[in-house]
Amino acid sequence: MHAVPPSDSLTPRVPSPGTLERLTDTPRTRRLIENRICYAGPHAELSIYDTWWPARDVALSAERVLYCGMLKGRKVMHGATEEPETFLPGESFVLAPYQEVRIDFPEARPDAPTTCMTIDLDPARVHALSERLNQSHPRDKELGEWHYAPRALHVPHGPSTQSLIERLMGLFRENHPDRDALIGLGIDELIVRLLRTQSRELLLADARQTPPRHGLAAALAWLERHPEQPLDGAQLAREACMSKARLYRLFQREVGCTPGEYQQRLRLARARQWLRDADAPITEICYSLGYRSLSHFTRRFKAAYGLTPGDYRRLLIA
């Protein structure tokens, strides 16, 4: 770890499993790099990390599946994927057990700390929930069974997942009589969202093959190639070589939304990518993705990610 200022600070104490305890953030427990406040419950452990000083090459790994959500600022993750990944608010990063990444904090400072949260997920719980889904919501045989593939996953998440993260953070912190049960339900929902997201990413990987091995993958591939075009359900069904009704049922079951909702996600994800990697004006990005007005695009983007496109770009170059 580099760029750590002199400090006699101590690492925060971790509470014992099965309890819910906030670790007091006092001068003796504060670290300027990845200061951890931990809340432990019966089903998982929530950790909140604050960094007040620029740093490089900070190690992170866990014995269990680690779900990470960015709350404030920016990190750069090394080692999870082939190329370094910028990690921003409104995004999820999932690490497999014992997968180590190295993290840079380029802009952290005392008046604007970088903050993220992690929830560790028991692989046995993930496996058990996968088996429940295989019994209650079996997938098409060509798509295989529900399962967790131990690999890094970095995706933007929508308002529903953001709301779930905030709800879980509140539940871990409060002393409600039904807290443990509600945390368990929230953790199960998070795992289901993780499984669906990973399934979608695997389908997208299949969609990029020529030709795709499944009709749903073919429909996803068409939407990826043409996110700016008005959605034509009949044409999409022809691409998938199935009826429109069956395609929409499969979409809802496998992707968790309608084709129209998924197209909006694609457009906004593509907008994020262009804002990050290209110098095109925001207006050009807006109309290239099929939006009819800049105000509509801005509202959609802010509703999904909590920032306007301009604020998002400024955060990247700050």
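Shown above is the structure to which this text applies.
One structure accompanies this document, and this report is about it. Just so it is clear, the model here is predicted, and its values are computed rather than measured.

### Looking at the pattern of salt bridges
This structure, assessed with the given rule, holds 18 salt bridges. Notably, a salt bridge pairs lysine 75 with glutamate 34, separated by 3.9 Å at the nearest N-O pair. With a gap of 41 residues between them, lysine 75 in strand β5 (residues 75-78) and glutamate 34 in the segment before β1 (35-40) connect regions that are remote in the sequence. Comparing lysine 75 with glutamate 34 shows no difference in burial state: the two are buried. The residue arginine 64 makes a salt bridge to aspartate 122 at a minimum N-O spacing of 3.7 Å.

### Some words on the sheet that holds strand β3 (residues 55-60)
Where strands meet in a sheet, backbone hydrogen bonds hold them as pairs that are either parallel or antiparallel. Strand order in this open sheet of four strands is β3-β8-β5-β6, and the pairing throughout is antiparallel. Looking at which strands have only one partner, the edges of the open sheet turn out to be β3 and β6 (85-87). Strand after strand, the sheet turns through a mean of 30° between neighbouring axes, direction not considered. Relative to β6, β5 runs antiparallel, the two sharing three bridges. Across the sheet, residue methionine 77 finds its bridge partner in β6, namely glutamate 85.

### Side note on the nonpolar core
A general tendency of soluble globular proteins is for nonpolar side chains to be buried together. Within the largest apolar cluster, 31 residues are counted, with the highest numbers of intra-cluster contacts made by Ile119, Leu121 and Ile187. Only β1, β2 (45-51), β4 (65-72), β9 (114-121), α1 (123-136), β10 (153-156), α2 (159-173) and α3 (179-207) provide two or more residues apiece to this core. What isoleucine 187 contacts, discounting residues up to four positions off in sequence, is His43, Ala44, Ile119, Leu121, Arg125 and Leu168.

Quick notes on the rules
Residues numbered from 1 in each chain as written. Predicted model: local features only at pLDDT ≥ 70, side-chain atom pairs only at ≥ 80, totals over all residues. Heavy atoms only, no water. Salt bridge = Lys/Arg side-chain N within 4 Å of Asp/Glu carboxyl O. Helix = DSSP H or I, 4+ residues; strand = E, 2+ residues; numbered from the N terminus. Buried < 20%, exposed > 50% of the residue type's maximum accessible area, 1.4 Å probe, protein only. Pairing = 2+ DSSP bridges. Axes fitted to C-alpha atoms, helices over the stretch in contact; angles between N-to-C directions. Core = buried A, V, L, I, M, F, W, Y, C linked by side-chain atoms within 4.5 Å. Contact = heavy atoms within 4.5 Å.

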